[in-house]
Amino acid sequence: MKIFILFLMIMLTACSQQSQVESDDAGYSGTYYDPITGEILFRIFEDSTGFKLKDINLAPYVQDESSYEKISLPNIEGQDRWGKFCGGDFSKIMERVLGGSDWKENTIWYIQVEKTFVIKVKKGYQSDEHIYNTNYVLIDGSECFTNMRVRRNIEKL
């Protein structure tokens, strides 16, 4: 009986760990921080409705404890919508976002919350406008990133 219970516990533990890995295979989930100040900025987690961003400190938009924002994962439909809204194709928008025409080769993944992008880039990527000395960058700006772009190198715990 003890062996059966031990086997059952091992199986339950292995299955629960495996499902966690599969649901986050892209690596979005985690706590993100500013490597210069050490300040924790936000947390991304996944629940039954998808990925969510918990604003911890993205001043001036600090939100209350129970507030979460739904994350849009990249897809062709979303890219087409952005392109139509901004009067161009998505590639041109991302060129403005990251500051270089070689953005595709240097982007591992990106996610979007409204006008904010969290992008995982190749460490050391140097675009025409910015040096990405961490693997992650937080970019906020106008709807089409034609002005008021803020790029902030961040890291993940």
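Before any of the text, the structure's been laid out above.
Everything numeric in this text was worked out from a predicted model, so none of it was measured. (Residues numbered from 1 in each chain as written. Predicted model: local features only at pLDDT ≥ 70, side-chain atom pairs only at ≥ 80, totals over all residues. Heavy atoms only, no water.)

Colleague: When you look at the packing of aromatic side chains in this model, what are you seeing that I'm missing?
Modeller: Describing an aromatic ring pair means giving the distance of the ring centres and the angle of the ring planes. Following the criterion strictly, the structure yields 9 aromatic pairs and no others. Following the ring pairs from residue to residue traces out a cluster consisting of Tyr28, Tyr32, Phe42, Phe51, Trp109 and Tyr136. (Phe/Tyr/Trp six-rings, centres within 6.5 Å; stacked < 30°, edge-to-face > 60°.)

Colleague: Could you clarify how one ought to interpret the nonpolar core in this entry?
Modeller: Most often, soluble globular proteins have nonpolar side chains that are buried together. Formed by 18 residues in total, the largest nonpolar core has its most connected members in Met94, Val97, Leu98, Phe117, Ile119 and Ile139. Among the secondary structure elements, those contributing two or more residues to this core are helix H3 (90-98), strand S6 (116-121) and strand S9 (136-140). Ranked by the residues each element gives to this core, the list is headed by H3, at 5 residues. Apart from the residues within four sequence positions on either side, isoleucine 139 is in contact with Val97, Leu98, Lys115, Thr116, Phe117, Ile119, Phe145, Val150 and Arg151. Within the second largest apolar cluster, 15 residues are counted, among which are Leu41, Ile44, Leu53 and Ile71. (Core = buried A, V, L, I, M, F, W, Y, C linked by side-chain atoms within 4.5 Å. Buried < 20%, exposed > 50% of the residue type's maximum accessible area, 1.4 Å probe, protein only. Helix = DSSP H or I, 4+ residues; strand = E, 2+ residues; numbered from the N terminus. Contact = heavy atoms within 4.5 Å.)

Colleague: Please explain the sheet that holds strand S1 (residues 30-33) as it appears in this structure.
Modeller: Note on sheets: strands pair through backbone hydrogen bonds, and any given pair is parallel or antiparallel. Read across the open sheet, the 8 strands follow the order S4-S3-S2-S1-S10-S9-S6-S5; overall the sheet is antiparallel. Edge positions in the sheet fall to strand S4 (69-70) and strand S5 (107-113), since each of these pairs with one other strand and no more. Sheet analysis places S1 next to strand S2 (residues 40-47), joined by 4 bridges and oriented antiparallel. Bridge pairing links tyrosine 33 to isoleucine 40 in S2. The strands that H3 touches are S5, S6, S9 and strand S10 (150-156); relative to S6, the one it contacts most, it runs at about 80 degrees. (Pairing = 2+ DSSP bridges. Axes fitted to C-alpha atoms, helices over the stretch in contact; angles between N-to-C directions.)

Colleague: In this structure, what is going on with helix H2 (residues 76-85)? I would like to understand it.
Modeller: At 3.6 residues per turn, the α-helix brings residues three or four places apart onto the same side. Taken together, the buried positions of H2 are Gly78, Trp82 and Gly83. Looking straight down H2, one finds its buried side chains confined to an arc of 135 degrees; they lie on one side. Pointing more than 90 degrees away from the buried face of H2 are the exposed residues Ile76, Glu77, Arg81 and Lys84. For H2, the elements touching its buried residues are H3, S5 and S6. Looking one or two residues beyond H2, the residue adopting positive phi is glycine 87, at roughly 70 degrees. (Arc of directions from axis to C-beta.)

Colleague: For this particular structure, what's the right way to read the side chain of threonine 116?
Modeller: Take threonine 116: it is sitting in strand S6. Contacts of threonine 116, omitting those with residues within four sequence positions, involve Ile111, Leu138, Ile139 and Asp140.

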